[in-house]
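Here is how the chains run, residue by residue.
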Amino acid sequence: MSVIAFGGLASLAAGAVHASAAGIHAEHRQLAQIFIVTAALQMGVGLWALIRPTRAAAWGVVAVNAAAVVGWAATRMIGISWIDGLETAEAPQFADTACALLGLVAIVAANAGALLPADRLRRTGLVVPAVLIGAFSVWTMMAAGTHVHSHDEADHGTEAAGAAHSHGDEVAVDAAGVADASGVTDEAIPHAHDDTDAHTDAMAGGATAGSHDHSATAAPAAMAWPRPWDPTQPIDVSGVEGVSAEQELRAVTLIEDTLRELPKYADPADAIAAGYTSIGDAGTGSEHYIKADLIGDDVLLDPTAPESLVYAVNGDQRTLAGAMYIASARPADDPTLTDWAGPLMTWHKHDNLCWSTGADGKAKVVGVIDANGNCANGVRSGGESPMVHVWIEPHPCGVFAALEGIGAGTAAVSEDQRVDMCSAGHDHGDTSTTGGATAAVPKPYDPTMPIDLSGTPGVTPQQQAAAENLIAVTLVRLPQWSDYKVAEAFGFRSIGDGGTGHEHFIQWDWINDDVILDPDQPESLVFEPQPDGSKKLVSAMYMLSTDVALEDAPDIGGPLMQWHIHDNLCYTNDPEQPRVAGLTNPDGSCPNGLVKHKPAPMIHVWITPHKCGPFASLEGAGAGQIVAGQERLCDHQHGGGS
């Protein structure tokens, strides 16, 4: 056997060890993939050198194994921050050290062989060492199956408590649950998990009842669901109560396949070429493209042919955010849907939308139904098919989350039972801190009942009186504008947002005058389009001058009132009647032909019932922007309203 062939054999052995170790690192998908690629390269060049021991093959063995050995050294000395599972340095252990040693043997042998005279390339007495290499590699592969490694706080993408944890009997753990500094454990030994175990305290506040084992009598604690979703981290849908192994596997496979298949539609032009059509809802901040002929088929949750694509809208820019899989017509609690992923998914319907035909002859959403279930424009349709999202972009409410507000649709279960919303994590308590001040939790508001804003922490008697007086005078005086035609006669102009369910009429000349919070001279009126084409006055939207910064809005009602602005809207360039026509680009500019107006702080005062209180803002894209650092009031109501 030649020296080069011997180097190839050593490379083959190192590759085999890497391949056998890939499975033990399956919890870190990126790392497992690197192991597989490394194994393939080492075995490929090794086989090349073994079959054709040329200098070219020798240099291939040297290059591949040198990269592998350098990578191993980095993981043992400094860690590799951009590879999941290798963020921090690990202590050298037998299997990985032996694999690196085989790589070094391959480098030395191949390099030496390449430098030998031509007449000595072919035969060298290395048969016995070759046999020893083979035996050593088998032993190492067996050891790699019980590879020893440590977990740092970056392990398990859902380890919310952030504490490092270790496994194994040989790691000392003190009373506070702090592992020995070495952090090195042997996963081959039967072991227990201490009370810092990520598998029980992730997404559950980090608290457990104490140490436990995995014997037949021990039941693992269920972890909270939904969990924040980050596609750059390992997929984790484990530990959810009531989810079978089969349901968990189906969910993981669906997520993986969606992440792989969906990006082919990253450019909306490619989606259009494939038969998808926008439903015209870009004004909400999310635009849905639907391929209608896929909805009625018998195929369920197919990432190669999703019924709908969801794009995040920023001006004229569209970013593919996820798929919306739509089933054929059936109840949202049909067992074929609810049993598919069990408690991991909530299927919802959109049976509150009004549709019409656009200029392209395709169906477009033109509004939502009123309280009586009627459409002011278009017809009510499309509510027979349940649907569920799978996001390929990060989402705080989970990989299967619905949109919020109107976009949340309706489900067969109550809102507090839905697992496609953040409601489980929206516990605001009695008060919350917003930008250094105490903010009140808004209470449902009914203008037919006595006005009572008492009992709110952090509100002075003067602030309570001012807020109650503003509501009272608005209830009495604002109805003079109930006829939108009268409002138009006084210079109010619609901004063309009636399709959202709320249409704003603005008197642009009144924004920068010296009058504020006056129902006789309100800067904006909010109407709800009605089925008969009329418009119902529901709120005033009082606006301050555009030279007043949001942070400087008057503290009239204290924590009872939360001012907001709209600094991401683009209008048509019409001096008489500007209309909202899109959202700003990432740099804050508007698409060509549209203009951005200087924002003015504003606040609603409702004269109709509202779940989120008399001063509530709209939700979704209509919510606007609040002071940085504040927590938006009532954002967990998901559409709250009138």
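Nothing here was measured: the structure is a model prediction, and the numbers come from that model. (Residues numbered from 1 in each chain as written. Predicted model: local features only at pLDDT ≥ 70, side-chain atom pairs only at ≥ 80, totals over all residues. Heavy atoms only, no water.)

> Would you mind going over the pairing of strand 14 (residues 503–506) in detail, with residue names and values included?
Of the two faces of strand 14, both are covered, the one formed by Glu 503 and Phe 505 as well as the one formed by His 504 and Ile 506. The pairing of strand 13 (residues 493–494) with strand 14 spans two bridges and is antiparallel. Each residue of the ladder has a partner; that of Arg 493, found in strand 14, is Ile 506. In terms of strand pairing, strand 14 meets strand 15 (residues 524–529) through four bridges, oriented antiparallel. Within the sheet, the bridge partner assigned to Glu 503 lies in strand 15 and is Phe 527. (Buried < 20%, exposed > 50% of the residue type's maximum accessible area, 1.4 Å probe, protein only. Helix = DSSP H or I, 4+ residues; strand = E, 2+ residues; numbered from the N terminus. Pairing = 2+ DSSP bridges.)

> Pulling in residues and values, what's your account of unusual backbone geometry?
The linkage connecting Trp 225 with the following residue, Pro 226, adopts the cis geometry, with an omega of 5°. Note on placement: Pro 226 falls in the loop between helix 6 (198–201) and helix 7 (245–261). Residue Leu 517 is not a glycine yet carries a positive backbone phi of 55°. Along the chain, the position of Leu 517 falls in the loop between strand 14 and strand 15. Looking at Leu 517, the relative accessible area reads 16%, which means it is buried.

> Can you explain the pairing of strand 15? Please cite residues and give values.
Extensive coverage of strand 15 is indicated by the burial of six of its six residues. Pairing analysis gives six bridges linking strand 15 to strand 16 (residues 535–543), with the strands arranged antiparallel. Counted as the bridge partner of Pro 529 is Lys 535 from strand 16. Adjacent in sequence and paired antiparallel, strand 15 and strand 16 are bridged by five residues, among which Gly 533 carries a positive phi angle near 95°.

> Explain the packing of helix 3 (residues 55–77) against helix 4 (residues 94–115) residue by residue, including any values.
Their axes nearest at 8 Å, the elements helix 3 and helix 4 cross at an angle of 150°. Between helix 3 and helix 4, the angle is such that the two are roughly antiparallel. The chirality of how helix 3 crosses helix 4 is left-handed. Within the contact between the two elements, helix 3 uses Arg 55, Ala 58, Trp 59, Val 61, Val 62, Asn 65, Ala 66, Val 69, Trp 72 and Arg 76 and helix 4 uses Asp 96, Thr 97, Ala 100, Gly 103, Leu 104, Ala 106, Ile 107, Ala 110, Asn 111, Ala 114 and Leu 115. Among the residues making up the contact of helix 3 with helix 4, the classes are represented as 14 nonpolar, four polar and three charged. (Axes fitted to C-alpha atoms, helices over the stretch in contact; angles between N-to-C directions. Parallel < 35°, antiparallel > 145°, perpendicular 65-115°, else oblique. Left-handed = near helix turned anticlockwise from the far one by under 90°. Contact = heavy atoms within 4.5 Å. Nonpolar A, V, L, I, M, F, W, Y, C, P; charged D, E, K, R; others polar.)

> Can you lay out the packing of aromatic side chains for me, pointing to particular residues and giving the numbers?
With the rule as written, the count across this model stands at 10 aromatic pairs. Look at Trp 481 and Trp 510: their rings are 6.2 Å apart centre to centre, the planes differ by 70°, and that puts the pair in the edge-to-face class. A residue pair is termed long-range when its members are at least 10 positions apart, and Trp 481 in the loop between helix 10 (461–477) and helix 11 (484–489) and Trp 510 in the loop between strand 14 and strand 15 qualify at 29 residues. Look at Trp 510 and you get buried, because its relative accessible area is 15%. Judged by centre distance (5.4 Å) and plane angle (85°), the rings of Phe 492 and Trp 510 are edge-to-face. Of this pair, Phe 492 sits in the loop between helix 11 and strand 13 while Trp 510 is found in the loop between strand 14 and strand 15, placing the two residues 18 residues apart along the sequence. Here the aromatic cluster, defined as three or more aromatic residues joined through ring pairs, consists of Trp 481, Phe 490, Phe 492 and Trp 510. For Arg 250, the ring lying beneath its charged end belongs to Trp 340, and the centroid distance is 5.7 Å. (Phe/Tyr/Trp six-rings, centres within 6.5 Å; stacked < 30°, edge-to-face > 60°. Lys NZ or Arg CZ within 6 Å of the ring centre and 35° of its normal.)

> If you had to explain the sheet that holds strand 13 to someone new, which residues and values would you point to?
Read from one edge to the other, the open sheet built from five strands follows the order 13-14-15-16-20, with strand pairing classed as antiparallel. The open sheet has two edge strands, strand 13 and strand 20 (602–606), and neither has a second partner. Along the sheet, helix 10 makes contact with strand 16 and strand 20, crossing strand 20 at roughly 65°.

> Quick one: what's the story with a nonpolar patch on the surface, residue by residue and with numbers?
Taken together, the side chains of Leu 47, Leu 50 and Ile 51 make up a nonpolar region of the molecular surface, amounting to roughly 270 Å² of accessible area. Relative to the elements of secondary structure, Ile 51 occurs in helix 2 (residues 29–51). (Patch = residues over 30% accessible without salt bridge, like charges linked within 9 Å, V, L, I, M, F, W, Y side chains within 5 Å. Areas by Shrake-Rupley, 256 points an atom, 1.4 Å probe, with all protein chains shown as cover. Salt bridge = Lys/Arg side-chain N within 4 Å of Asp/Glu carboxyl O.)

Limitation: the analysis is restricted to geometry and does not speak to function.
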